[in-house]
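# Examination of the molecular architecture
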Amino acid sequence: MAERGDLTVLHEPFCNLQDYGETDVGGRTFDSPATLLAWLCDQAHRRDMFLKDTMDHQHDEVLADRRFLAEARHAFLIRRPEEIAASYYALFPPMTINAIGMERLCEMRTAITNAGGTPPVVIDSDDLVTRPAATMAAYCAAVGLPFNLRALTWKRGEQPEWRRSARWHTDASNSSGFERHEREYPDTVENSEKLAQYAAHHRRFYEQLYAQRMDVSPWERMSGLQDPERAGGGRGHRGGCHSRGGAG
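Values in this document were obtained by computation on a predicted structure and should not be read as measured data. (Residues numbered from 1 in each chain as written. Predicted model: local features only at pLDDT ≥ 70, side-chain atom pairs only at ≥ 80, totals over all residues. Heavy atoms only, no water.)

What follows concerns unusual backbone geometry. Non-glycine residue Glu12 carries a positive phi angle of around 50°. Inspection of the secondary structure assignment puts Glu12 in the loop between strand S1 (8–11) and helix H1 (13–20). (Helix = DSSP H or I, 4+ residues; strand = E, 2+ residues; numbered from the N terminus.)

Given below as structure tokens:
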């Protein structure tokens, strides 16, 4: 989304507020979710904005802001709980059961519905890394954005916005497009009772969301959506995808 060049992109602003007590947006610093949410709702009528965040924290202010829930167009990127458990634990062993995030995504979906918002677009991470062009074309159509094939590739490197949490974005920084990375982790649901318990708890929430995922097959059959390399490289912005559940 950063690579497109036509959106104001916010990287994990609510996580930044939780972890660091502040977040920066276009040179402006916010120190509370309330002030950020008020600004977002005001600015959304003046510019096209995209924000990405994660659900390993409980963002009560977001869930309580009916205007934001109703007016924003939400999307959930989901991943199998077993995969999240292993990859998250490798980076942060003190993780809690809530770090998987699928239950909180379901809570947010309910809050969006209760606020009168449009049902979230659910994106399967497997679709995104194996069929990126079709997946992004389907997402853009769902939320009313023009699809930009060139934005599926970018220059490798770190974005300034994620410098404070760079270790969580190593794959994105080292990437130039969407691709699957098969990894073997020393601790998985197969040999860790803790991780198995965490993944099992979130399995039913994941399955609820998976049943509502976008069908990208019709877009995959469209001419020109199979190979983003045909369109050439990016324009100099950087981009990446997140691996944990999020809303944007």
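So, about helix H8 (residues 132–143). The end-to-end C-alpha distance of H8 is 16 Å, a good match for the 16 Å that twelve residues give at a rise of 1.5 Å each. Every buried residue of H8 is listed here: Pro132, Ala133, Ala134, Thr135, Met136, Ala137, Ala138, Tyr139 and Cys140. Here the buried face of H8 lies against strand S4 (49–54), strand S5 (75–78), strand S6 (121–124), helix H7 (125–130) and helix H11 (217–220). One or two positions beyond H8, positive phi appears at Gly144, with a value near 80°. (Expected span 1.5 Å × (residues − 1). Buried < 20%, exposed > 50% of the residue type's maximum accessible area, 1.4 Å probe, protein only. Contact = heavy atoms within 4.5 Å.)

Let us look at the packing of H1 against helix H2 (residues 33–43). At their nearest, the axes of H1 and H2 sit 10 Å apart, and the two run at 160° to each other. Comparing their axes, H2 and H1 come out roughly antiparallel. Between H1 and H2 the crossing geometry is right-handed. Contacts between H1 and H2 involve Pro13, Phe14 and Leu17 from the former and Pro33, Leu36, Leu37 and Leu40 from the latter. (Axes fitted to C-alpha atoms, helices over the stretch in contact; angles between N-to-C directions. Parallel < 35°, antiparallel > 145°, perpendicular 65-115°, else oblique. Left-handed = near helix turned anticlockwise from the far one by under 90°.)

Let us look at the packing of aromatic side chains. Where two aromatic rings form a pair, the distance of their centres and the angle of their planes describe that pair. Per the stated rule, a full pass over the model turns up five aromatic pairs. Judged by centre distance (6.5 Å) and plane angle (75°), the ring pair of Tyr88 and Phe92 falls under edge-to-face. On the accessibility criterion, Tyr88 (8% relative accessible area) is buried. Under the relative-accessibility criterion, Phe92 is labelled partly exposed at 36%. Ring centres of Trp154 and Phe178 lie 5.2 Å apart, and the angle between their planes is 85°; on these two criteria the pair is classed as edge-to-face. In this pair, Trp154 is assigned in the loop between H8 and helix H9 (170–173) and Phe178 in the loop between H9 and helix H10 (193–210), connecting sequence segments 24 residues apart. Each of the two residues, Trp154 as well as Phe178, counts as buried. (Phe/Tyr/Trp six-rings, centres within 6.5 Å; stacked < 30°, edge-to-face > 60°.)

That's the geometry; what it means functionally is another story.
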